[in-house]
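A closer look at the structure
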Amino acid sequence: MPMTSIPAGQAVPAPSEPYVPKRRNVEAVLLLFALVIGLFAYANVGQAATGKYPSNLATLGVEFGLALLAVHLVVRRFAPYADPVILPVAAMINGLGLVLIYRLDPYNEANNLVAKGGAASNQAIYTVLGLAVFAVIVIFLKDHRILQRYAYISALVGLFMIALPAVLPASISEVNGARSWIRLGGFSVQPAEFGKLLLVSFFAAYLHAKRDALALASRRVLGLYLPRGRDLGPILVCWAFAMLILIRETDLGVSLMFFGAFVIMLYMATERTSWLIFGLLLFVSGATAVANMSAHVMVRVDSWLHPFSDVTGRTRQLAQSLYAFANGGLFGTGLDRGYSYQIGFANNADFMLATVGEELGLLGLTALFIAYAIIVVRGLKTALLVRDPYGKMFAAGLASTFALQVFITAGGVMRVIPLTGLPMPFLAYGGSALMANWILVGLLIKISDAARRPLPPAIPLSDEMTQVVKA
Amino acid sequence: MNRPIKKVAIFCLALFAVLFVNANYIQVINASSYTSHPDNRRNLIYAFQNPRGQIIVDGKAIATSTPSTGTLKYLRQYTNGPVYAQATGYYSVNFGATSIEKAENPLLQGTDSRLATQQFLNQLEDKGKSGGSVVLTLNSKAQQAAYDGLANVDPGKEVEGAVVALDPKTGAILAMVSAPSFDPNSLATHNTTDEAKAANSLAADALQPELNRALAQTYPPGSTFKIITSAAAMDNGLNGAPVDENTVIPSPLNTLQLPQSNSTLSNDAGETCGDTTLINAFTLSCNTVYGQIGLDLGGTKLQTEAQKWGFNTTGPSVPMNASTSVFPQNISQAQAAQSAIGQFNVRMTPLQGAMMAATVANGGVMMAPYLIKQELDTKGNVMSTTGSKQLYNPITSAQAGELKDMMVSVVQNGTGTKAQINGVQVAGKTGTAQRGAGQNALAWFLAFAPANDPKVAVAVLVQDNNPNAGDVYGGSLAAPIAKNVIQAVLGSQ
């Protein structure tokens, strides 16, 4: 700021706020676009299945339009500087997921894979609930830094949520070999979906507080900075916990995501590549050991290596998934014209991507990956912009956890890595995951609002000489 | 802290890049290996997505595609299924395709490259894909007569058998039946439970209904082989003298002692033959005379003659492949005598039998047998017509004329009188092939008619497993069936 001299005795003019575009109108247009894409896909499915447009196309359009308008207004009012792209992209993927669940419903109903009436109507309710939870976060979370205060409580609750299914009897917690559920009455919840958010918050607060100790106090051995023994504590605890999940819940996906997020955040806090290598070695050796002991994990690794070894049994789903992707080719078969439903169980959850691959083709799949990548990159950009270190760690942690989940799930059904059993974010059928993901987006919106919100103007120093009290 | 965040951003984008590369790999580069996997039901679903072409006999479709509800849009249906089962084969959801359904699958399915332009134009007209059709050479009346004939040999008993009828001048297959038969509709159903049940019961059936005995099974020819032994005698002469139908063959009355063995050959029903003419020995089917000819000629000359008729060469493809008919090599004198009357290790398919009769009928020229008359495009226009093709020329027309006289004599006053037809001169040869102890003999009859202008040549094989069947002579069991088939062909012209 150029120093201009202000004549003594003259009043200092009120500093004007630096202009930062809020970009809310961009968000509104993009939201409309997301809505149109979803409705177009829905109409497309109706045409392909029955030759007619779905009768409730207009009604649904208005209803979802109003819901999106509501969250948009909430963001406009309570997070005016928020990133304008994250919300529409999330809404678009959610809408596409709804259509795909609706498209798979006839087969799943006929085969008793979903309740009568279909899964799509439930998912629509979860979507509205998710948007509501999103709105609540945006309205009531005044500042993301408040969460920093509850770091240790977050850790406790988060660990509890992730660990809970492991200690509950299998009758309540086990679905298809993995114990990651709590099923009571007609309800089932995957608490790990929420637990992961709390743990990311804890990691952000904890690692930010301990970063100096972790980063600086280390010995250099063979060009790598090795952590001190006592600093190994947290990483070992996390590792042990990840292994526990793996052993007790036989849930490779949650375990991998949980530990992966931790190692990435540890690296962000310390900038020490050695942590990364150390963490990776720990996980791989631990997972290998567990895989050799746990039949469930071993089967998944084996199916990954030999996906056609038992096409009517263990490797059936993966083989069917690959058939679906292959049949989609470059342009896809078109919505409702594929046969991915043959995957059977979880064709609308963990394996949802196979339907995208078959019916929308490589083009549609790539577009979807780009949409996911946009959320991740926007989250990381928020981390770069936000000013407080906790916010940086938190936003980057959320974004990279999201990226990990997409990679672990997509990689599993596409045979990049062994199948692990995570739902595809926003796309998959399931209330817990959908709501947790909307909370994640809500948090990112809040942090990005803080990041882009201009600082309250500093009171400028005047050139006037310090007044000396003259006697 | 921004530097590591940027690195994490690069890492995350690298994860997406891996997904993108892998998507290219499984959706484009390596896609065909997944699409062609036999477990992938999409091929099947797509195969049943469009109407399959018809299989047509005498202008009537015997295999059609009808719209169906469910994932598979068209159901394959067979009219008169068991009668045509061996010709059409089946097109099953889970058990693949056989016979014509398999051999002509690209055309019937519509994937044949010759249909590409038409399919493209159909698509433009929004008509969707459809298959081309196949017209068979079968004569529906002859086919039905052959089927009924085998079914009525010993109703309710375990009768196996086969009938093949050919147009001797072209090689077109006019009838092809194997008994027992099966209903291809039972395998074409979309109900996988019923389908599996049908497949299991077919597989468990000791009589192997799926086996096409007409082409795929060889049997000892018995006395029908005397046609070839006669031809060998005419070709080579006997004891330095030329042989024709009236040549007297010196031979024992009732029993021929085989050299270097304790075995003997005797005549059926104790007929006395003795020094008699070739035509007389043929008419009465004298084993002693033909055994003696075998001894005089030796195994090598018999083998050479048999090979001129197609023995020991891979059987023709009609387009289903026929098994190879076999004449044993390097045989002893005793074995030569037995082989000369179609015993020992001589084996032939019923198709080979029909081709032998057709060769005599056609002046010594054996035509290649074929089942597909025409291939039609999706609009029913003829795309290709099978032309007749000479396969072998084992005998001269003069020799064929003499063999014809001999075969006429068999039906007029020999073992084949049951094949006589009023007003039509039928030529034939019976065969009653002995098998192992406790097994009924095989009844054969090879024939063609009318003798002066042959329109049909036929081979009938009956294997009656009923232990109380009584006399199972070729002349009694097989000849009447051949007669009915001949009448059906002549009557429909």
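Structure report, in brief. (Residues numbered from 1 in each chain as written. Chains lettered and ligands numbered in written order. Predicted model: local features only at pLDDT ≥ 70, side-chain atom pairs only at ≥ 80, totals over all residues.)

Turning next to the overall build of chain B. When helices and strands are tallied, chain B shows 19 helices and 17 strands. Across chain B, contacts joining residues at least 24 apart in sequence account for 69% of those joining residues at least 6 apart. (Helix = DSSP H or I, 4+ residues; strand = E, 2+ residues; numbered from the N terminus. Contact = placed C-beta atoms within 7 Å.)

With that settled, the discussion passes to the overall build of chain A. Within chain A, the secondary structure is distributed over 16 helices and six strands. Counting only contacts in chain A whose residues sit at least 6 apart along the sequence, the fraction spanning at least 24 positions is 72%.

What follows concerns the packing of helix α3 (residues 86-110) of chain A against helix α16 (residues 431-452) of chain A. Residue and element names in this part refer to chain A. For the pair α3 and α16, the least separation of the axes is 10 Å and the interaxial angle reads 165 degrees. Relative to α16, the element α3 lies roughly antiparallel. The handedness of the crossing between α3 and α16 comes out as right-handed. Contacts between α3 and α16 involve Ile86, Leu87 and Ala90 from the former and Val441, Leu444 and Ile445 from the latter. Grouping the constituent residues of the contact of α3 with α16 by class yields six nonpolar, no polar and no charged. (Axes fitted to C-alpha atoms, helices over the stretch in contact; angles between N-to-C directions. Parallel < 35°, antiparallel > 145°, perpendicular 65-115°, else oblique. Left-handed = near helix turned anticlockwise from the far one by under 90°. Nonpolar A, V, L, I, M, F, W, Y, C, P; charged D, E, K, R; others polar.)

This part takes up the sheet that holds strand β13 (residues 382-385) of chain B. Residues and elements named next belong to chain B. With mixed pairing, the six strands of this open sheet are ordered in space as β3-β2-β1-β4-β12-β13. Only two strands of the sheet have a single neighbouring strand rather than two, namely β3 (74-78) and β13. For this sheet, the mean angle separating the axes of adjacent strands, direction not counted, is 25 degrees. Across three bridges, the pairing between strand β12 (residues 372-376) and β13 is antiparallel. Its bridge partner being in β13, Gln374 is matched across the sheet by Thr385. (Pairing = 2+ DSSP bridges.)

All names here are of chain A. Among the structural elements, Leu35 can be located in helix α1 (residues 24-50). Assessed through the 21 C-beta atoms surrounding it within 10 Å, Leu35 is described here as buried. Through-space distance from the C-alpha of Leu35 to that of Met92 is 6.8 Å; in sequence the pair is 57 residues apart. Setting aside residues up to four positions removed in sequence, Leu35 forms contacts with Phe64, Gly65 and Leu68. (Buried ≥ 20, exposed ≤ 12 C-beta atoms within 10 Å, placed from the backbone.)

With that out of the way, let us pick up the pairing of strand β16 (residues 442-449) of chain B. Residue and element names in this part refer to chain B. Burial of β16 is extensive: eight of the eight residues sit out of reach of the surface. The two faces of β16 match: Leu442, Trp444, Leu446 and Phe448 on one face and Ala443, Phe445, Ala447 and Ala449 on the other face are all buried. Relative to β16, strand β15 (residues 427-433) runs antiparallel, the two sharing seven bridges. Bridge pairing in β16 places Ala433 opposite Leu442. In this structure, β16 lies alongside strand β17 (residues 456-464), joined through seven bridges in antiparallel fashion.

The interface of chain A with chain B comprises 38 residues on the first partner and 29 residues on the second. Going through the elements one at a time, α10 (252-270), α13 (316-328), α14 (352-385) and α15 (389-413) of chain A are the ones with two or more residues in the side of chain A that touches chain B. Looking at the side of chain A that touches chain B, the element that brings in the most residues is α14 of chain A, giving 11 residues. Looking at the side of chain A that touches chain B residue by residue, the classes come out as 28 nonpolar, eight polar and two charged.

Relative to β3 of chain B, strand β2 (residues 60-67) of chain B runs antiparallel, the two being bridged by five bridges. Each residue of the ladder has a partner; that of Thr66 of chain B, found in β3 of chain B, is Leu75 of chain B.

Attention now moves to the sheet that holds β15 of chain B. Residues and elements named next belong to chain B. An order of β6-β5-β17-β16-β15 is seen for the five strands of this open sheet, with the pairing classed as antiparallel. Each edge of the open sheet is held by one strand with a lone partner, namely β6 (173-179) and β15. When the angles between neighbouring strand axes are averaged without regard to direction, this sheet yields 10 degrees. The sheet contact formed by strand β5 (residues 159-166) and β17 spans eight bridges and is antiparallel. By the bridge assignment for β17, Val164 is matched with Ala459. Across the face of the sheet, helix α8 (residues 140-151) comes into contact with β5, β6 and β17 while running at roughly 25 degrees to β6. Packed onto the sheet, helix α19 (residues 474-491) meets β5, β6, β15, β16 and β17 and runs at close to 30 degrees relative to β16.

Attention now moves to α13 of chain A. Residues and elements named next belong to chain A. The end-to-end C-alpha distance of α13, which contains 13 residues, comes to 18 Å, matching closely the 18 Å that a straight helix rising 1.5 Å per residue would cover. Of all 13 residues in α13, 12 are buried; the element is thus mostly enclosed. Phi turns positive, to about 60 degrees, at Gly329, one or two residues after α13. (Expected span 1.5 Å × (residues − 1).)

You can see Gly491 of chain B is positioned in helix α19. With 349 residues separating them along the chain, Gly491 of chain B and Ala142 of chain B place their C-alpha atoms 9.4 Å apart.

Next up on the list: the packing of helix α2 (residues 57-78) of chain A against helix α4 (residues 120-140) of chain A. Residues and elements named next belong to chain A. One can describe the packing of α2 onto α4 by two numbers: an axis separation of 9 Å at closest approach and a directional angle of 10 degrees. When the interaxial angle is binned, α2 and α4 end up roughly parallel. Two secondary-structure elements touch here, α2 through Ala67, Ala70, Val71, Val74, Val75 and Phe78 and α4 through Val128, Leu131, Phe134, Ala135, Val138 and Ile139. Its residues assigned to classes, the contact of α2 with α4 comprises 12 nonpolar, no polar and no charged.

Moving on, we get to unusual backbone geometry. Residue and element names in this part refer to chain B. Omega for the bond connecting Ala179 with Pro180 falls within 30 degrees of zero, at -5 degrees, which places this linkage in the cis form. Looking at where Pro180 falls in the secondary structure, it is placed in the loop between β6 and α9 (185-188). Following Val318, the chain continues to Pro319 via a peptide bond in cis, the omega torsion being 15 degrees. The backbone of Ser285 sits at a positive phi, close to 55 degrees, despite the residue not being glycine. Within the fold, Ser285 resides in the loop between α13 (278-284) and α14 (287-297). Residue class for Ser285 comes out buried when judged on the 29 C-beta atoms lying within 10 Å of it.

What follows is about the nonpolar core. In terms of nonpolar packing, the biggest core is built from 155 residues, with Phe203, Phe258 and Met265 of chain A touching the most fellow members. If we ignore the near neighbours within four places in the chain, the residues touching Phe258 of chain A are Ile162, Lys196, Leu199, Ala242 and Ile245 of chain A. Formed by 139 residues, the second largest nonpolar core is a distinct cluster that contains Val57, Leu278, Leu284 and Val289 of chain B. (Core = buried A, V, L, I, M, F, W, Y, C linked by C-beta atoms within 7 Å.)

Limitation: the analysis is restricted to geometry and does not speak to function.
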